[in-house]
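Each chain, letter by letter, is given below.
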Amino acid sequence: MSHKVGYVSIIGLPNVGKSTLLNAILKQKISIVTPKPQTTRKKILGILTEKNYQIIFLDTPGIVRPAYLLHEKMLEEINESIKDADVIVLLFDVSNESRIKESEENEIIKNLIEQKTKPIILALNKVDSITQERAQQLVNHYESLNKFKAVIPIAASLNFNVERLIQEIVSLLPEGEKFYPDDIVSEASERFFVSEIIREKIFELYEDEIPYSTEVIIADFKERSSGKDFISAEIIVERDSQKPIIIGKEGKAIKKLGEVARKAIEEFLQKEVYLELRVKVREKWRSNEKMLKYFGYGTRK
């Protein structure tokens, strides 16, 4: 049998389930997931290797109207991913009519559908939240447009139809040899995943603008052959007034954050760690070109 290999970009609005889908495909958590939109900020590379194919997935940030330079950098990530892709999986959240309309009317999505240079699979996510009859109506409607290579109803959180989606992707990939060894699931470093885990816990524990105003930098990561690994992380905020919110009264909030983040990091690394958290203020970092570059935002040159 021939061997298939290629890049697949997962594209969609915030909170449509892109990261949930990638985790379901890989059967392990490599992309952080929270109920809040715009959780993913950088392109996450996940690799699925089987006997007859290797798929390199790019989980991208949700498509947003830029309010900060950070958002513009996130859009650059999306555009780079589209250019890199052999196949595009476009994800719609079909849990309610307004979410469907929002996806259909988005300019970037409309342009993507019209470009006709890359094969697009439309995945209708969260079909578990609508009737079977409505799901079939949506499939029929989008198939009748003749703009997609396939239209597949899925429920990523329940792993429903994920295997069918994978097989549809494989059918569209070019033939070729593997790009990565069989045992690699992501190209990203442990430092990256640890910073993402801490950021996920910030999204879970803090309200309002705080999660969106924070960035997490791993200042030190010492692996030890005996004893706990040592991790020192800096939580960056935009304003002096945000620092005491992260820390909390008598340090209770940051202590709680440290506890839940440490447990999740230990589960990910399969090793005990000592986690140190510090809070630093970097005024308006989301609109500062130099800081964004330092934090790793922006396209590859």
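All of these numbers come straight from a predicted model, not from anything done at the bench.

J.: Describe the packing of helix 3 (residues 97–105) against helix 5 (residues 132–144), listing the residues and the values that go with them.
T.: Running from amino to carboxyl end, helix 3 crosses helix 5 at an angle of 15°, the nearest separation of the two axes being 14 Å. For the element pair helix 3 / helix 5, the angle class is roughly parallel. Here the hand of the crossing between helix 3 and helix 5 comes out right-handed. Residues Glu 97, Ile 100 and Glu 104 of helix 3 touch helix 5, and the partners they reach there are Arg 134, Leu 138, His 141 and Tyr 142.

J.: Mind laying out the sheet that holds strand 7 (residues 215–222), listing which residues take part and the relevant values?
T.: Across the sheet, which stays open at both edges, the three strands sit in the order 7-8-9 with mixed pairing between neighbours. Of all strands in the sheet, those with a lone pairing partner are strand 7 and strand 9 (273–281), marking the two edges. The average undirected angle you get between the axes of adjacent strands in this sheet is 20°. Strand direction decides the pairing type here: strand 7 and strand 8 (residues 229–237), joined by seven bridges, are antiparallel. Across the sheet, residue Glu 215 finds its bridge partner in strand 8, namely Ile 236. Contacting strand 7, strand 8 and strand 9, helix 7 (residues 190–205) runs over the sheet at an angle of about 135° to strand 7. Those strands touched by helix 9 (residues 252–269) are strand 7, strand 8 and strand 9, and its axis lies near 130° from that of strand 9.

J.: Can you break down the environment of Ile 169 residue by residue, with the values?
T.: Inspection of the secondary structure puts Ile 169 in helix 6 (residues 162–172). Residue class for Ile 169 comes out buried when judged on its relative accessible area of 0%. Each C-alpha atom, one on Ile 169 and one on Ile 55, is 8.5 Å from the other, the two residues being 114 residues apart in sequence. What Ile 169 contacts, discounting residues up to four positions off in sequence, is Val 8, Ile 55, Phe 57, Val 87, Val 89 and Ile 121.

Rules behind the numbers
- Residues numbered from 1 in each chain as written.
- Predicted model: local features only at pLDDT ≥ 70, side-chain atom pairs only at ≥ 80, totals over all residues.
- Heavy atoms only, no water.
- Axes fitted to C-alpha atoms, helices over the stretch in contact; angles between N-to-C directions.
- Helix = DSSP H or I, 4+ residues; strand = E, 2+ residues; numbered from the N terminus.
- Parallel < 35°, antiparallel > 145°, perpendicular 65-115°, else oblique.
- Left-handed = near helix turned anticlockwise from the far one by under 90°.
- Contact = heavy atoms within 4.5 Å.
- Pairing = 2+ DSSP bridges.
- Buried < 20%, exposed > 50% of the residue type's maximum accessible area, 1.4 Å probe, protein only.

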